[in-house]
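Coordinates in review
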Number of protein chains: 2
Amino acid sequence: MPRRGTMADVARSAGVSPTTASFVLAGRTDMRISDAARQRVLEAARALAYRPNVTARSLRTRSSRTIGLVSDTITTTPYAGEVIRGALEAARARDHLLFITETGGDPAAGSGLVNALLDRQVDAVIYAAMFTRHVDPPPELDGGRVVLLNCLAPGRNAPSVVPDEIEAGRTAARVLLGAGHTRGIWSIGGRHALPATPDGWFAGNERIRGLDEALRAGGAALDGVVECAWEAADGYREVRALLAGGRRPGALVCATDRVSFGAYQALAEAGLRVPDDVSVVSFDDQDFASWLRPPLTTIALPHSELGRVAVELILDPGPLDATVHRVPMPLRVRDSVGPPHENG
Amino acid sequence: MPRRGTMADVARSAGVSPTTASFVLAGRTDMRISDAARQRVLEAARALAYRPNVTARSLRTRSSRTIGLVSDTITTTPYAGEVIRGALEAARARDHLLFITETGGDPAAGSGLVNALLDRQVDAVIYAAMFTRHVDPPPELDGGRVVLLNCLAPGRNAPSVVPDEIEAGRTAARVLLGAGHTRGIWSIGGRHALPATPDGWFAGNERIRGLDEALRAGGAALDGVVECAWEAADGYREVRALLAGGRRPGALVCATDRVSFGAYQALAEAGLRVPDDVSVVSFDDQDFASWLRPPLTTIALPHSELGRVAVELILDPGPLDATVHRVPMPLRVRDSVGPPHENG
DNA sequence: GGGATCCGCTAATTCGATTTAGCCCCAGCC
DNA sequence: GGCTGGGGCTAAATCGAATTAGCGGATCCC
């Protein structure tokens, strides 16, 4: 790239010392500078289209107006793009830039990436996971300014930003209760308590907890919980099996839109119509939720909000503590929930 | 973050001058250094867990081992995450970090972001668009090391990396010809030649060109082209209208998986089965393509490849020229294409 | 009139590396 | 014994800003 003008150039062209130029351009008022000199500096800077070299400045000030984001994967639906977008917008509003890195799921890669960021004097690091879980951030981050995005690290004195899954569970319950459902309600996906993840996932546990609680408060209850993985194939297989077993659910609470996708297929094959025969409420709000027929009522993961809140926390002055910030998950009302079928 | 050891610390601890430490740590052999001194420096660096400060180094060397990525949107399906992932992996393999920025579709934002990158001494900039099109990169990039990702800018002497849409069109034709289709072939989505985009989209034009060419070469031809936007709702509406108009297509070439998604719905409503009654071949390979029933045969946008190639181009030594690099689009054979229906 | 004050600046140092220029000492040679 | 020629280093400048220390000159005061 073409060589850019430096502050020394500005100072020379304005006939003042670099010190004076620096104070004028930094807008500092703790040194007396005549209006005439100030104007000459400003004019010279404008004429030369002067822009400060942030690299040089960081060397002296130890601040680079730069944040690092380390995540496990930025690819996996439904996180990723939107999280980054939210973070980007918040960063840009405060005149910061974002380094994006990913470990690709390799825990050993974390240290290397964090070091690469620290080598470049980032002011802070956002450590992110693409589904909510407990993590163990690399020790290099200890003592630094860190925010955990969509993950928790007990004992690390860093704030976490996670979706409010408990309240989302309550919301799902209220949607169903509001439509008149009190029985025949099934969870498809449950807590994700599979052989591989016997304790379930954070999101699963919290949602079921909120769902149970609010259902009970409304005088209803879950009829059953099908534990399975959260992909389209699982929704298809499990709902099909449920129907084949003679069950006749009145409402499905699907763990993800992908599960709902599969559930729709199984219901269609069985000749059941949504929402006339079976209501479906879901979580995530992926793109295709609105393309399904009927469009899916779902509770959105607040991707971009998570990114935005994380950046704002990290850039707001003041110390960080280990608070867990729960970001609301908005309900998208579409057409997959209706009153219970008369024979329900 | 805790203060890190500097090269001066290493030099002091090894009992040599900073110059010697620098030469040893940089692995330079153009100055004679005794093995003893070399070992002492290496040992001291190890003991102090010394890592060079890239910011300080950049100031001197004018290279930051950092690349900037400027895109219009990183959100829009189907680009985004995978492009970034490909770029990230290639950058990491060469020990570089990536700044990600987005204009959010505001053309005026480009200059500001490019300046913010330049202020931080990025070595190069990738200018990306989320669907293939002509762009006008900010003038600040002139004279710099720039690669255009998924876009073209004639007259700017920067290489472009784009999907090979022409060959993808040919591939679609071959899939159909291979299954025995020679008539009743319809394009849904066409060139995207709508009132708003009368010249069509780059991808649309190229695909139709390749499709036409290979179909003709195989003794077949398109029966018709339905121009429409490329969303699910468009696919649904247009295929429905086609069928209502008494047409009975034997094979659909859908412009995107989203269009296919809608097409599937319209076909199902009309009681037509894929692929027994109608074959469908598509472009993009979004996630849900494999969840559809039957799974969709589609030609993938090589997202991560695009990102990877762009980074490799930009980091490979040597001058850049205005070559257009076409990245192959791989065919994903699934179950939506079969032999023509007997009454087809 | 001489010292204290204040105004409006500038010189010089610093941040942490890289790099150019050159120094000292010992060995070899005539 | 003086001169050359490495070998093995170091001093100092440099990159582009921020910042500390301090300096002339005018003004004020007694």
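Provided above is the structure to which this section pertains.
Residues numbered from 1 in each chain as written. Chains lettered and ligands numbered in written order. Predicted model: local features only at pLDDT ≥ 70, side-chain atom pairs only at ≥ 80, totals over all residues. Heavy atoms only, no water.

**A few points about the interface of chain A and chain B**
Tallying the contact residues gives 62 residues for chain A and 62 residues for chain B. Carbon and sulfur atoms supply 61% of the area that chain A and chain B bury against each other, a total of about 5,100 Å² over both sides. Of the charged contacts in the structure, one is a salt bridge between Asp-119 of chain A and Arg-51 of chain B, with a shortest N-O distance of 2.5 Å. The interface formed by chain A and chain B holds 16 residue pairs in polar contact (both at pLDDT 80 or more) in total. For the side of chain A that touches chain B, the per-class residue count stands at 26 nonpolar, 16 polar and 20 charged. (Contact = heavy atoms within 4.5 Å. Buried area = accessible area lost by both parts, 1.4 Å probe. Salt bridge = Lys/Arg side-chain N within 4 Å of Asp/Glu carboxyl O. Polar contact = N/O pair within 3.5 Å; in protein donor to acceptor, adjacent residues only side chain to side chain. Nonpolar A, V, L, I, M, F, W, Y, C, P; charged D, E, K, R; others polar.)

**Here we look at the protein's contact with DNA strand C**
In the vicinity of DNA strand C there are 28 residues, among which Thr-20, Ser-34 and Arg-62 of chain A together with Met-7 and Arg-60 of chain B approach most closely. Arg-60 of chain A places a side-chain nitrogen or oxygen 3.1 Å from a base oxygen of DNA strand C. Interatomic distance of 2.9 Å between a side-chain N/O atom of Arg-28 of chain B and a phosphate oxygen of DNA strand C. Sort the elements by how many residues they give to the surface near DNA strand C and helix α4 (residues 54-61) of chain B lands first, with 5 residues. (Near = heavy atom within 4 Å. Helix = DSSP H or I, 4+ residues; strand = E, 2+ residues; numbered from the N terminus.)

**Observations regarding the relation of the copies chain A and chain B**
You can overlay chain A on chain B at an RMSD of 0.1 Å; the transform is a turn of 180° with a shift of 0.0 Å along its axis. Such values leave the two copies arranged in the relation of a two-fold axis. In terms of proximity to the rotation axis, the leading residue of chain A is Phe-99 of chain A, whose C-alpha is 2.3 Å off the axis. When the interface residues of chain A are mapped onto chain B, 100% of them again fall at the interface, so both copies present the same face. (Least-squares fit on C-alpha atoms with pLDDT ≥ 70 in both.)

**Focus: the packing of helix α9 (residues 232-244) of chain A against helix α10 (residues 257-269) of chain A**
All names here are of chain A. At a minimum axis separation of 6 Å, α9 and α10 run at an interaxial angle of 40°. With respect to each other, α9 and α10 are oriented oblique. Helix-helix and strand crossings are classified by hand; for α9 and α10 the assignment is right-handed. Contacts from Ala-232, Gly-235, Tyr-236, Val-239, Arg-240 and Leu-243 in α9 reach Arg-258, Val-259, Phe-261, Gly-262, Ala-263, Gln-265, Ala-266, Leu-267 and Glu-269 in α10. The residue inventory of the contact of α9 with α10, partitioned by class, reads 9 nonpolar, 3 polar and 3 charged. (Axes fitted to C-alpha atoms, helices over the stretch in contact; angles between N-to-C directions. Parallel < 35°, antiparallel > 145°, perpendicular 65-115°, else oblique. Left-handed = near helix turned anticlockwise from the far one by under 90°.)

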